[in-house]
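# Fold and geometry: a report
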Amino acid sequence: MQSTIVILLFASLLAVGYAAPRPGAEEKDAQVLKYDNDHNGIDGYNFQFDTSNGIQRQEQAQLKQFDDENSALVVRGSYSFTADDGQVYTVNYIADENGFQPEAPHLPK
């Protein structure tokens, strides 16, 4: 049970980190403008932040019981950033028993 939670959480965080924009020279001086964080123990969490360089991220997780022996955190969230082309890109995602599932108009299907 605990290993399932750890694996799903690790996979979702790894995927989000890999897909997130890489910091460049202008990002090194970015300031956090807003940060909210609420942990509900093992039952879930939620957080959000905004930075001065236009990055926004929010995420919620809730514990889902699959059967008597298996449970895992189901994670939903989104992030936005301004790319080098000046366009703002937003990715919405869910990470659950079906893996990491991002959705955005600019992502291939």
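Read on for a plain summary of the structure. What you are looking at is a predicted structure, and each value in this text was computed from that prediction instead of being measured.

### Remarks on the environment of G77
Structurally, the position occupied by G77 is in strand β4 (residues 71-82). The buried category is assigned to G77, whose relative accessible area is 7%. Between the alpha carbons of G77 and P102 there is a distance of 9.4 Å; along the sequence they are 25 residues apart. Excluding residues that lie within four positions of it along the chain, G77 makes contacts with Q58, E59, V91, N92 and Y93.

### A short note on the side chain of T51
By the element assignment, T51 lies in strand β2 (residues 44-51). Side chain to side chain, T51 and N53 meet in a polar contact 2.4 Å long. In this structure T51 touches Q31, V32 and L33, once residues within four positions along its chain are discounted.

### Some words on the packing of aromatic side chains
Going through the model one piece at a time under the given rule, you end up with six aromatic pairs. Ring centres 6.5 Å apart and planes at 5° place the aromatic pair F47 and F49 in the stacked group. For F47, a relative accessible area of 17% gives the class buried. Given the relative accessible area of 22%, F49 is considered partly exposed.

Parameters and conventions
- Residues numbered from 1 in each chain as written.
- Predicted model: local features only at pLDDT ≥ 70, side-chain atom pairs only at ≥ 80, totals over all residues.
- Heavy atoms only, no water.
- Helix = DSSP H or I, 4+ residues; strand = E, 2+ residues; numbered from the N terminus.
- Buried < 20%, exposed > 50% of the residue type's maximum accessible area, 1.4 Å probe, protein only.
- Contact = heavy atoms within 4.5 Å.
- Polar contact = N/O pair within 3.5 Å; in protein donor to acceptor, adjacent residues only side chain to side chain.
- Phe/Tyr/Trp six-rings, centres within 6.5 Å; stacked < 30°, edge-to-face > 60°.

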